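Results of the structural survey
One letter stands for each residue in the lines below.
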Amino acid sequence: MLITRFFEKGWGKPENLRRVFQFRKIISCRETCFKLVPRDYPVEITKKKKYSDSTLIEGNFTTPLELHLPGVVPEAAQKAYFQLLIPNKWINEEHKPICIHLAGTGDHFFWRRRNFIAKPLLKDANIGSIILENPFYGLRKPDDQIRSNLHNVSDIFVMGGCLILECLVLLHWCERNGFGPLGITGLSMGGHMASLAATNWPKPLVLVPCLSWSTASAVFTTGVMSQSINWDMLETQYYSDGQYRERLSKMVTIIDDAFTAVPFDTSLIIAVCARDDAYVPRDGCSSLEDIWPGAEIRYLDAGHVSAYVLHQKLFRSCIIEAFERAKKIYGNANYNDLKAAIK
């Protein structure tokens, strides 16, 4: 039984749909998207706490999407919050790996990712972590939103746009502070968002998307999650207003367009998928192997939920392995000075 109900208020404002659609042309192209976030984008550090083996740093910044599309991001979600967990002593001062962790559906606040993924990565492999709070979740959840129940279809596109640009902010910030190699990971929805974000970074980047695929549309249309959507209400709203039909006929592929771009180095990608995933159907969807030649896809003999619960250790080992690949390929290179792909 699914208690989460998505899009109870409908499609969202037609004007917002129009603006998001227009912006998609910019954000789905690496060259134009990368230019939206300056290298010195301001980030505020608000708290530092030192433990016996690690330091936990908290910070925030204004999401760049609000600057480029004023009024589209709800006020509660306009400030992005993150935690950074790093070892007190790096094994190699020239090699300071940091992985950004994006949230799966329902993963509010920081504690789950911090305790189940970030802390073990630090202990086992000396890898630091940035845990980014999702728009519409935790500290960024609108007051009138219940749990993870996004009000509008447009919210999922706003969420994706926010996370793509916010990851650019954090990757720039990491470079400025001497961290590298860098990477992004996430489970389920977080894996999909991590893939979207990674395509817009024009340098080597570890990418480990877990329990996701090449498209998010099937999750809502044919997967288990489709049962949590009031399709009759959406259909009624769609046919009652010509503006919706006009906007939505053009919006079908917005969130997936970024997959037409190929990450800088696909050998640094290890994707982990569940063979019996009823939440993320693969039938009729483009293959990750075809879209990203050179990426490695690994399959678990499990379903979505059982993989999420039982295979956290495997997800962590794939992250560690991908970072080892980056170290082997690029050595102790100055990651800040690596030439960008854009001319």
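Residues numbered from 1 in each chain as written. Predicted model: local features only at pLDDT ≥ 70, side-chain atom pairs only at ≥ 80, totals over all residues. Heavy atoms only, no water.

Attention shifts here to the overall build of the protein chain. Looking only at helices and strands, the protein chain features twelve helices and nine strands. Taking all 343 residues of the protein chain together, 59% fall into the buried category. Excluding contacts between residues fewer than 6 apart, the proportion of contacts in the protein chain whose partners are at least 24 apart in sequence is 78%. As presented, the protein chain carries roughly 14,800 Å² of accessible surface, and 52% of it is formed by carbon and sulfur atoms. (Helix = DSSP H or I, 4+ residues; strand = E, 2+ residues; numbered from the N terminus. Buried < 20%, exposed > 50% of the residue type's maximum accessible area, 1.4 Å probe, protein only. Contact = heavy atoms within 4.5 Å. Areas by Shrake-Rupley, 256 points an atom, 1.4 Å probe, with all protein chains shown as cover.)

Attention now goes to the pairing of strand E5 (residues 128–132). Among the five residues in E5, five count as buried, and that is most of the element. Residues Gly128, Ile130 and Leu132 of E5 are buried on one face, and the alternating residues Ser129 and Ile131, pointing to the opposite face, are buried as well. Pairing of strand E3 (residues 79–87) with E5, which is carried by four bridges, proceeds in the antiparallel orientation. In the sheet register, Gln83 faces E5, and the bridge partner there is Ile131. When strand E4 (residues 98–102) meets E5, the two strands line up parallel, connected through four bridges. By the bridge assignment for E5, Ile98 is matched with Gly128. (Pairing = 2+ DSSP bridges.)

The subject of this paragraph is the confidence of the model for the protein chain. Here the protein chain shows a mean pLDDT of 80. Residues at 70 or above account for 71%. Taken as a whole, residues 278–282 scores under 50 in pLDDT and shows 25 contacts with residues more than four places along the chain or in a different chain. (pLDDT = per-residue confidence, 0-100.)

A few words now on the nonpolar core. The biggest cluster of nonpolar side chains holds 67 residues, and the ones touching the most others in it are Ile98, Leu102, Ile130, Met159, Leu165, Phe179 and Ile184. Here the element with the most residues in this core is helix H5 (residues 153–176); it accounts for 16 residues. Ignoring any residue separated from it by four or fewer positions in sequence, one finds Ile98 in contact with Leu84, Ile86, Trp90, Gly128, Ser129, Ile130, Cys174, Phe179, Pro181, Leu182, Gly183 and Phe323. Leu187, Val206, Ala274 and Phe323 belong to the second largest nonpolar core, which has 21 residues in total. (Core = buried A, V, L, I, M, F, W, Y, C linked by side-chain atoms within 4.5 Å.)

Mapped onto the fold, Lys96 is located in the loop between E3 and E4. Side chain to side chain, Lys96 and Glu93 meet in a polar contact 3.3 Å long. Ignoring sequence-local partners within four residues, the contact set of Lys96 consists of Trp90, Gly178, Phe179, Gly180 and Pro181. (Polar contact = N/O pair within 3.5 Å; in protein donor to acceptor, adjacent residues only side chain to side chain.)

Take the pattern of salt bridges next. Taken as a whole and assessed by the stated rule, the structure comprises eight salt bridges. The salt bridge partner of Arg298 is Glu321, with a shortest N-O separation of 2.7 Å. Taken together, the positions of Arg298 in strand E9 (residues 296–300) and Glu321 in helix H12 (residues 312–330) put the pair 23 residues apart, joining distant regions of the chain. Members of the salt-bridge network, linked through shared partners, are Glu296, Arg298, Glu321 and Arg325. (Salt bridge = Lys/Arg side-chain N within 4 Å of Asp/Glu carboxyl O.)

Moving on, we get to the environment of His192. Along the chain, His192 turns up in helix H6 (residues 189–198). Measuring from C-alpha to C-alpha, the distance between His192 and Pro209 comes to 6.6 Å, with 17 residues separating the pair along the chain.

The next point concerns a nonpolar patch on the surface. A surface patch of nonpolar side chains, about 400 Å² in accessible area, is lined by Phe109, Trp111, Phe116 and Leu139. Residue placement: Leu139 occurs in the loop between E5 and H5. For Leu139, a relative accessible area of 44% corresponds to the partly exposed category. (Patch = residues over 30% accessible without salt bridge, like charges linked within 9 Å, V, L, I, M, F, W, Y side chains within 5 Å.)

For the pair H5 and H6, interaxial distance at closest approach is 9 Å and the crossing angle is 55°. It follows from the interaxial angle that H5 and H6 lie oblique. Here H5 runs over H6; the crossing is right-handed. Across the interface between the two elements, Ile156, Met159, Gly160, Leu163, Ile164 and Cys167 from H5 touch Met189, Met193, Leu196 and Ala197 from H6. (Axes fitted to C-alpha atoms, helices over the stretch in contact; angles between N-to-C directions. Parallel < 35°, antiparallel > 145°, perpendicular 65-115°, else oblique. Left-handed = near helix turned anticlockwise from the far one by under 90°.)

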